Amino acid sequence: AKNNRYNKPVVIVFHSFINEAWENDLRAKLKYELAQKGAAVYSSLSGAARALARFAAYHSFQRERAQFDR
């Protein structure tokens, strides 16, 4: 994620219809490890989409503000 040559955010969604203990443990471990490496990790597609929409809106706001301040 940190060395992304396309300079785009990396988002990972871990969702499963199976609710088994081994899978929950593996998912929790992967979420932690990936987050430590700079990837955004979400439990649902809607949560990831909402976060990306807010990320884009924030940067759009910052760009408009910078133009206004000139």
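That block above? That's the structure.
Residues numbered from 1 in each chain as written. Predicted model: local features only at pLDDT ≥ 70, side-chain atom pairs only at ≥ 80, totals over all residues. Heavy atoms only, no water.

Visitor: Can you explain the pattern of salt bridges? Please cite residues and give values.
Guide: Applying the stated criterion across every chain, the model contains one salt bridge. A salt bridge links Arg-27 to Glu-23; the shortest N-O distance between them is 3.6 Å. Taken as a pair, Arg-27 and Glu-23 lie in helix H1 (residues 21–36) at a separation of four residues, close to a single helical turn. An identical accessibility class is assigned to Arg-27 and Glu-23; each is buried. (Salt bridge = Lys/Arg side-chain N within 4 Å of Asp/Glu carboxyl O. Helix = DSSP H or I, 4+ residues; strand = E, 2+ residues; numbered from the N terminus. Buried < 20%, exposed > 50% of the residue type's maximum accessible area, 1.4 Å probe, protein only.)

Visitor: Please give an account of H1 that cites residues and values.
Guide: Between its terminal C-alpha atoms H1 stretches 23 Å, which fits the 22 Å expected from 16 residues at 1.5 Å a residue. Phi turns positive one or two residues past the end of H1, at Gly-38, with a value near 100 degrees. (Expected span 1.5 Å × (residues − 1).)

Visitor: Residue-level account of the side chain of Glu-23, with values.
Guide: Overall, the relative accessible area of 16% leaves Glu-23 in the buried class. Residues within four places of Glu-23 in sequence aside, it is in contact with Ser-16 and Ile-18. (Contact = heavy atoms within 4.5 Å.)

Nothing here speaks to function; it is all geometry.
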